[in-house]
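Spelled out, the chains give:
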Amino acid sequence: MAEKPQPVRMLYCAVCSLPAEYCEFGPDFEKCKPWLIKNAPEIYPNLLQEANEKEAEKFSERLQSVGISAGAADEADPSSQSGETSSSKPEEVKRLPGGKIKKKEKQEVVIEKVVRNRRKCITVVKGLELFGIKLNDASKKLGKKFATGASVVKGPTEKEQIDVQGDIAYDVVEFITDTWPDVPETAIYFIEDRKKVPAV
């Protein structure tokens, strides 16, 4: 007589409630990592190694902040003792679920002219929010200045942008730099024939 099959015991993540093998494909892998390191190190051995490296980095940073160097070569280097170590520290990289690296957005304003119904034009202004400008206030100022309708809408990439009625693409550059001095003219671009062209 054949042996009766036994049920397989699955290990489910306490954070995202997926099987531990599928955590990396879940909504927030970063939150699952501490639980996985503690409860399922055999599934993700690289996480344990990553955690050890981070601990070593934190420890060496603490030592450097106290003034104790990790090696004799650091003692010979006077720049390490004068506090210049903070400038050589690498930037933290944000990771998306699945381990993909999130790219940091460039601070730039993109102006695009869109023609609708053959004659009507709309000027689209994207990227003002990256300079700390509230889009609602900016759309009101643009509408007042050019005496047209201006509104904040979600673009095709689900990011908010300002749509201004009329062809004001070249006039809007001067208005932006005068109204918001934080926005340099070198950071403003036009989209012409599907190519990004500097406004300067």
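Read on for a plain summary of the structure.

## A look at the pairing of strand β1 (residues 109-116)
Sheet topology places β1 next to strand β5 (residues 188-192); four bridges connect them, and they run parallel. Across the sheet, the residue bridging to Ile-111 is Phe-190, located in β5. Two elements, β1 and strand β2 (residues 120-126), share seven bridges in a ladder whose sense is antiparallel. Directly across from Val-110, in β2, lies its bridge partner Lys-126. Taking the residues that link successive antiparallel strands as the turn, the β1-β2 hairpin has three residues, and the phi of Asn-117 there is positive, at about 50 degrees.

## Description of the pairing of strand β3 (residues 150-154)
Sheet topology note: the β3/strand β4 (residues 160-165) ladder contains five bridges and is antiparallel. The partner of Lys-154 across the bridge, within β4, is Glu-160. The loop that links β3 with its antiparallel partner β4 comprises five residues; one of these, Glu-158, has a positive phi angle of about 65 degrees.

## Quick word on the pattern of salt bridges
All chains considered together, the criterion is met by four salt bridges. The residue Asp-28 makes a salt bridge to Lys-31 at a minimum N-O spacing of 3.8 Å. What makes Lys-31 exposed here is its relative accessible area of 59%. For Lys-33, the salt bridge identified is with Glu-30, shortest N-O distance 3.1 Å. With Lys-33 and Glu-30 both in helix α1 (residues 29-39) and three residues apart, the pair spans about one turn of that helix. Look at Glu-30 and you get partly exposed, because its relative accessible area is 34%.

## Digging into the nonpolar core
Ranked by size, the top nonpolar core spans 23 residues in total, and within it Val-109, Ile-111, Leu-128, Ile-162, Ile-176 and Val-183 carry the most contacts. Only β1, α5 (135-146), β4, α6 (171-179) and β5 provide two or more residues apiece to this core. Filtering out sequence-adjacent residues up to four positions away, Val-109 remains in contact with Val-125, Lys-126, Gly-127, Leu-128, Phe-131, Ile-176, Val-183, Ala-187, Ile-188 and Tyr-189. Cys-16, Phe-29, Cys-32 and Ala-40 belong to the second-largest nonpolar core, a separate cluster that totals 11 residues.

Parameters at a glance
- Residues numbered from 1 in each chain as written.
- Predicted model: local features only at pLDDT ≥ 70, side-chain atom pairs only at ≥ 80, totals over all residues.
- Heavy atoms only, no water.
- Pairing = 2+ DSSP bridges.
- Helix = DSSP H or I, 4+ residues; strand = E, 2+ residues; numbered from the N terminus.
- Salt bridge = Lys/Arg side-chain N within 4 Å of Asp/Glu carboxyl O.
- Buried < 20%, exposed > 50% of the residue type's maximum accessible area, 1.4 Å probe, protein only.
- Core = buried A, V, L, I, M, F, W, Y, C linked by side-chain atoms within 4.5 Å.
- Contact = heavy atoms within 4.5 Å.

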